[in-house]
Every structure is written in structure tokens, then in C-alpha cells.
Amino acid sequence: MMQIPYTVEARPDTGLHNAKIGIWLFLASEVMLFGGFFSAYVLLRTGAVVWPEGSSILNVPIGTLNTLILITSSVTMVLSWAALKMNDLSKFRMYMFLTFFLGLLFLVVKLVFEYTPKFEHHLYPSKSTFLAIYFTMTGLHALHVLGGVIVNIYFWGPGRKLWEINPERFTNRVEVAGLYWHFVDLIWIFLFPVLYLL
Amino acid sequence: MDNIENVQKYVRRYLTVFGALAVLTVITVGASFLQVGIITAITIAMIIAATKGSLVVGVFMHLITEKKLVFIVLSLTLFLFLVLMFITLFTFGNQVGIHVS
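The structure reproduced in this document is the subject of the present report.

### What about the overall build of chain A?
- What chain A contains, in helices and strands, is 7 helices and 0 strands.
- Mapped in sequence order, the helices and strands of chain A form the string α-α-α-α-α-α-α.
- Overall, chain A is about 60 × 35 × 25 Å in size when its C-alpha atoms are taken along their principal axes.
- Counting all 198 residues of chain A, 53% fall into the buried class.
- If the 13 positive side-chain charges of chain A are averaged to one point and the 11 negative ones to another, these points end up 4 Å apart.

### Side note on the overall build of chain B
- The number of helices and strands found in chain B is 3 helices and 0 strands.
- In chain B, the order of α-helices and β-strands from amino to carboxyl end is α-α-α.
- Put simply, chain B has 101 residues, and 30% of those count as buried.
- Intrachain contacts of chain B at a sequence separation of at least 6 include 63% that bridge at least 24 residues.
- Put simply, chain B shows about 6600 Å² of open surface, and 71% of that area lies on carbon and sulfur atoms.

### Considerations on a nonpolar patch on the surface
- Taken together, the side chains of Leu76, Phe79, Leu80, Val83, Ile87 and Phe90 of chain B define a hydrophobic patch exposed on the protein surface, amounting to about 620 Å² of accessible area.
- Structurally, isoleucine 87 of chain B is set in the segment after α3 (68-86).

### Section: the interface of chain B and chain A
- Listed by partner, the interface residues are 44 residues for chain B and 46 residues for chain A.
- Together, the buried faces of chain B and chain A total about 3900 Å²; carbon and sulfur atoms form 85% of this surface.
- If you sort the residues of chain B by the area they bury against chain A, Phe18, Phe60 and Met61 of chain B come out on top, with a joint share of 14%.
- Counting the contacts that link chain B with chain A gives 1 salt bridge.
- With its nearest N and O atoms 3.0 Å apart, the salt bridge here joins lysine 20 of chain A to glutamate 66 of chain B.
- The residue makeup of the side of chain B that touches chain A, split by class, is 32 nonpolar, 9 polar and 3 charged.

### Regarding the pattern of salt bridges
Residue and element names in this part refer to chain A.
- Counted by the stated rule, this structure contains 4 salt bridges over all chains.
- Among the salt bridges present, the one from arginine 11 reaches aspartate 13, with a minimum N-O distance of 2.7 Å.
- Exposure remark for aspartate 13: the relative accessible area of 56% places this residue in the exposed category.
- Between lysine 20 and glutamate 175 there is a salt bridge, with its nearest N and O atoms 3.6 Å apart.

### Some details on the packing of helix α3 (residues 60-85) of chain A against helix α7 (residues 167-197) of chain A
All names here are of chain A.
- One can describe the packing of α3 onto α7 by two numbers: an axis separation of 9 Å at closest approach and a directional angle of 165 degrees. Of the possible angle classes, the one that applies to α3 and α7 is roughly antiparallel. When the axes of α3 and α7 are compared, the crossing they make is left-handed.
- Looking at side-chain class alone, the contact of α3 with α7 contains 16 nonpolar, 10 polar and 3 charged residues.

### A few points about helix α2 (residues 38-60) of chain B
- Taking 1.5 Å as the rise per residue, α2 of chain B with 23 residues should run 33 Å; its terminal C-alpha atoms sit 32 Å apart, in good agreement.
- For α2 of chain B, the complete set of buried residues consists of Ala45, Ile48, Ala49, Lys52, Gly53, Val56, Val57, Gly58, Val59 and Phe60 of chain B.
- In this fold, the buried residues of α2 of chain B make contact with α3 and α7 of chain A together with α1 (4-31) of chain B.
- In the stretch just after α2 of chain B, histidine 62 of chain B is the one whose phi turns positive, near 60 degrees.

### Brief notes about unusual backbone geometry
- Backbone geometry at tyrosine 6 of chain A places phi at a positive 55 degrees, although glycine is not the residue there.
- Relative to the elements of secondary structure, tyrosine 6 of chain A occurs in the segment before α1 (18-47).

### Section: the environment of isoleucine 48 of chain B
Residue and element names in this part refer to chain B.
- Inspection of the secondary structure puts isoleucine 48 in helix α2.
- Classification of isoleucine 48 by relative accessible area gives buried; the value is 10%.
- Along the sequence, isoleucine 48 and leucine 15 sit 33 residues apart, while their C-alpha atoms lie 19 Å from each other.

### Observations regarding the side chain of threonine 77 of chain B
- Positionally, threonine 77 of chain B belongs in helix α3.
- When residues no more than four places from it in sequence are discounted, the contact partners of threonine 77 of chain B are Ala28, Val31 and Met32 of chain A.

Rules and cut-offs
- All chains use their own residue numbering, which begins from 1 and follows the written sequence.
- Here chains are named by letter from A upward and ligands by number from 1 upward, in the order in which they appear as written.
- Local features in this predicted model are restricted to residues whose pLDDT is 70 or higher, and side-chain atom pairs enter the listing and the counts only when it is 80 or higher, whereas totals over whole chains, interfaces and linings include all residues.
- The side-chain numbers reported here are obtained from all heavy atoms of the structure, hydrogens and water having been left aside.
- Only DSSP runs of H or I reaching four residues or more are called helices, and only runs of E reaching two or more are called strands; each is numbered from the N terminus.
- Each residue's exposure class comes from its accessible area (1.4 Å probe, protein chains only) as a fraction of the maximum for that residue type: buried when under 20%, exposed when over 50%, partly exposed otherwise.
- Under this rule, positive means Lys or Arg and negative means Asp or Glu; His and the chain ends count for nothing.
- To locate a charge, take atom NZ for lysine, CZ for arginine, CG for aspartate or CD for glutamate.
- Residues count as neighbours in contact if any of their non-hydrogen atoms are within 4.5 Å of one another.
- Note on areas: Shrake-Rupley with a 1.4 Å probe; residue coverage comes only from the protein chains shown.
- Two joining distances apply to patches: 9 Å for like charges and 5 Å for nonpolar side chains (Val, Leu, Ile, Met, Phe, Trp, Tyr), and every residue must have over 30% relative accessible area and no salt bridge.
- The rule for a salt bridge is simple: a side-chain nitrogen of Lys or Arg has to be within 4 Å of a carboxyl oxygen of Asp or Glu.
- Buried area adds together the accessible area that both of two parts lose upon being put together, with accessible area traced by a 1.4 Å probe.
- Residues were grouped as follows: Ala, Val, Leu, Ile, Met, Phe, Trp, Tyr, Cys and Pro as nonpolar; Asp, Glu, Lys and Arg as charged; and all remaining residues, including Gly, as polar.
- Axis lines are fitted through C-alpha atoms, for helices just across the contact stretch, and the angle between N-to-C directions can take any value from 0 to 180 degrees.
- Angle categories are assigned with fixed cut-offs, so that under 35 degrees is roughly parallel, over 145 is roughly antiparallel, 65 to 115 is roughly perpendicular, and the rest are oblique.
- Note: crossing handedness is left-handed where the near helix turns anticlockwise from the far helix by less than a right angle, and right-handed where it turns clockwise.
- One less than the number of residues in a helix, times 1.5 Å, gives the span that helix is expected to have.

In C-alpha cells:
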């Protein structure tokens, strides 16, 4: 059976394995996707007659808690990859479990302590421009978190079978999933002050 | 990053960066209570966010040890992102619909 080339060894022309260059190109497109929304935010805010302080509408302590949850999940993600580099599959499983658990916790906190109270107070996206851009940007980000959680659960569960056959390729897959997960963290690092604190 | 000793060294670095990110998050929230103008507040918040972002991209995403091609891709992305951010400045010159008496 023909093997997919350059999944482990680097391509001579790029110096990278294909998945690595693939994920960086994908993340570049993601920068432009979120960049469009950040640009829209700047346009809406500078064009508005009045703009509310984020902290007067949003829950800053909960936002701070979620920031810390996502940062912690980023470090457990990179530690799961490091565990594979040290040939320790059980440690990898522990760190990967923590990563997707924290990702799920982020989503639960967002839904239960942020979105639900807003809806209970009839603060819908249609209520104001601020709420419209808040729900759009955090909703898109939450979808990215959900996507990352699904991929991480796969590598924690059935996807780890590849470790038995080709450990180096599995390690590369986890590294690529990690790059995506850190990007999701990176977006939140900017979303949090922009929406909650300014 | 091939041998186990090297990976262990990097693990210590990851934990240090994690501590720095947590501290910077607290500083971000603390700085928002400062009684300063909006421009100063935005500048402070963006400097802290950019520092945190650099740590995540540089250390967690291993950009500091990445190949040249990745830097080329990201440089082009950064340029286009900045165009996207500053393109809104053109609206300040747009007088359509504004009636001057």
C-alpha cells in the first residue's frame, strides 16, 4: 500500500512535514477570519455615538476565570505532547484528558454563567451593537473551542491507536492539534480585554 | 528537540511561561481599574495582550525554533491583518451623508 509522504520526515523543499505547514497555513486563514471581526469591532466602536464599558455589561470575574482555564488547558496540551516525546503514553492521556476537560469547562462556564444570565435579562444580540459583536465574536470562538475539544477527545480515545503503529506520526498529529489549541487560546487573550475590560 | 533531557528542559520553560501568563492575566484585570483615558487604557491592555500572545506563540507553539517558511507565511499574514485593522481609518475621511450647515 502506498504511504502518504512526509507525515514524519521533513520535505526537502519546505524543511517541514506536511501537516506542520498545513496547520500554519490554516491558522493564517483563521487570523484573517478573526481579523475581519476585530476590524468590524473597531469600525463599530469608533463609529458609535456612545459605547458601553464592557465591565458594565459583562461579568469580569467569570471572564478572568475562563481566561485562566484556557491558559491552563494550553499548558496541559503542550505537556501532553512533551509526554509523547518522552515515550510516556499514560502521562499523555492524563494531560490530554485535562486539556479537553478544561476546554469543556470553559464552554460550560460560558454558557451557564455568561450567556444564560444575559438571555434571562433579555440581553440578546439584537439589543445593541455591543451585544451583537460580543455574541458574534465569543460565539465563533466557542465554536472553535468545541472543534478543538472534539479533536482532542479523538486523540485521547480512539485516535491513540496510531501510537502502536507509528508513534512519531501520532506525536506529530498531537503537535498539530496543539498548534490549533494554542491559537484558540491566543484569540481569547485578545478577546478578553477588548470585550470585557475596555 | 530530540532527546529526553531537552524535552525536560522545555517542560520547565512551559511551566514558567504558564506562571507568567497567569500573572499577566491578573495584571490585565488590575490595570483596567486605573483611572486613565481610553487611549492609554487601550495601549496598556494591548501591550499586555501582545506580551501574552508572544509567549504563547513563541514558546507553546515553538515559533522561536520554527523553520524560515513558517516565518514567511506569518509575516504575510501579519501584514494583511494590519491592513484589515487599519483599513477602517479610511472611514474618517468619509463625509457622505453628513450634512454641514
